[in-house]
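Spelled out from the first residue to the last, the chains are:
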Amino acid sequence: MVREGQEEEEEEEMIMTVAATTKPAWLEGLIAETFFSSCGIHESRRKSEKNVFCLLCCLSVCPHCLPSHRSHPLLQVRRYVYHDVVRLSDLEKLIDCSYVQPYTINGAKVIFINQRPQSRAKVSSNVCFTCDRILQEPFHFCSLSCKVDYLIYQGDDLSSILYRIDESDFTFASLRMDGHDQFGEISTMVDDADDIMVISDQSEQGNNSNKKEKKKKKKKESNYFPGMVLSLGSRRKGAPHRAPFS
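This structure is a prediction, so every number in the text was calculated from the model and none was measured.

Draft legend 1. Here's a closer look at the side chain of Lys50. Relative to the helices and strands, Lys50 is located in the loop between helix H2 (25-32) and strand E1 (52-54). Of the side chains bearing the opposite charge, Glu33 lies closest to the buried Lys50, which forms no salt bridge; the N-O distance is 4.9 Å. Setting aside residues up to four positions removed in sequence, Lys50 forms contacts with Thr34, Phe35, Phe36, Ser37, Ser38, Cys39, Ser60, Val61 and Cys62.

Written out as structure tokens, the structure is:
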């Protein structure tokens, strides 16, 4: 009987651990969904790219689909050079975005949903804990998925960074359907210590290429995961595991 009780206890503990590290449906859908492809239902109509994510149905929809989701919480997704981004002001109402590096695009702070392929390698003391992309201090993740994957890898409880969805923050009326779903410029804040390169999107490369704007980099102290010196990417290469907390 004692053995049976122990087995039940271990099983319950395993279930709780799995539940804690399982992405909620909306988060899993947001990270896995394909945006800016043509809507299969409205592909014959203009502006039928799927650029809105329904947090209730957990799928991407196009502007012509919106009337069917009018009463659902809706999150607008934008794009910079084939990569999906979400405004920080919107995303931080759903999940703790601390230590995910934001980028300034056309005056708006955004966060990349997924990590991006790296075109060049550099030596840096501060890189993404998951994919080793070079980051600015004090950030530890280059995208939302990198932070989520890292926490899951560590076995941390995702519920600690998730917020209850307030549908009033994601109404149909609050969508910014202003025709600027594809941002024209992005401030990288990573490649140069003092300069912020303004890189034009393909649609505006002829007029806005090679712009530079001088700004002072603000430094902040990092207290996130104290004692962490190895990224997930480097551990995958065979580096010894080191606990994130001292």
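Draft legend 2. Layout of helix H4 (residues 144-154). Counting buried residues along H4, eight of its 11 residues qualify, which places the element largely inside the surrounding structure. Those residues of H4 that sit buried are Leu144, Ser145, Cys146, Lys147, Val148, Tyr150, Leu151 and Gln154. Two residues or fewer past H4, Gly155 is found with a positive phi of approximately 80 degrees.

Draft legend 3. Spatial organisation of the environment of Asp90. Looking at the secondary structure, you find Asp90 in helix H3 (residues 88-91). When the C-alpha atoms of Asp90 and Val110 are compared, they prove to be 9.1 Å apart, with 20 residues separating the residues in sequence. Each residue touching Asp90, except ones within four places of it in the same chain, is listed here: Leu75, Phe170 and Arg176.

Draft legend 4. Looking closely at the pairing of strand E7 (residues 108-112). With four of five residues buried, E7 lies mostly within the body of the structure. Bridge analysis of strand E5 (residues 83-87) against E7 gives three bridges, and the strand direction is antiparallel. Among the inter-strand pairings, Val86 is bridged to a residue of E7, identified as Ile111. Here strand E6 (residues 103-105) runs beside E7; their pairing, made up of three bridges, is antiparallel. The residue bridging Ile105 from the neighbouring strand is Ala108, located in E7.

Draft legend 5. Broad picture of the sheet that holds strand E2 (residues 59-61). The three strands lie next to each other as E2-E1-E3, forming an open sheet whose pairing is antiparallel. Looking at the sheet topology across the chains shown, the edges are occupied by E2 and strand E3 (74-76). In this sheet, adjacent strand axes meet at a mean angle of 35 degrees when their direction is disregarded. Judged from the three bridges that link them, E1 and E2 form a sheet pairing that is antiparallel. When the bridges of E2 are listed, Cys54 appears paired with Leu59.

Draft legend 6. Summary view of the packing of aromatic side chains. Counted according to the given criterion, the structure contains five aromatic pairs. Geometrically, the ring pair formed by Phe35 and Phe53 is edge-to-face, given 6.1 Å between the ring centres and 65 degrees between the ring planes. Residue Phe35 is located in the loop between H2 and E1, and its partner Phe53 is located in strand E1; the two are separated by 18 residues in the primary sequence. Residues Phe35 and Phe53 agree in their burial class; the two are buried. Geometrically, the ring pair formed by Tyr103 and Phe112 is edge-to-face, given 5.3 Å between the ring centres and 80 degrees between the ring planes. Each member of the pair, Tyr103 together with Phe112, is buried. In this structure, Arg70 is placed above the aromatic ring of Phe172, and the distance from its NZ or CZ to the ring centre is 4.1 Å. If you follow Arg116 out to its NZ or CZ, it ends over the ring of Phe112, 3.8 Å from the centre.

Reading guide: rules and limits
- Residues numbered from 1 in each chain as written.
- Predicted model: local features only at pLDDT ≥ 70, side-chain atom pairs only at ≥ 80, totals over all residues.
- Heavy atoms only, no water.
- Helix = DSSP H or I, 4+ residues; strand = E, 2+ residues; numbered from the N terminus.
- Buried < 20%, exposed > 50% of the residue type's maximum accessible area, 1.4 Å probe, protein only.
- Lys, Arg positive; Asp, Glu negative; His and termini not counted.
- Salt bridge = Lys/Arg side-chain N within 4 Å of Asp/Glu carboxyl O.
- Contact = heavy atoms within 4.5 Å.
- Pairing = 2+ DSSP bridges.
- Axes fitted to C-alpha atoms, helices over the stretch in contact; angles between N-to-C directions.
- Phe/Tyr/Trp six-rings, centres within 6.5 Å; stacked < 30°, edge-to-face > 60°.
- Lys NZ or Arg CZ within 6 Å of the ring centre and 35° of its normal.

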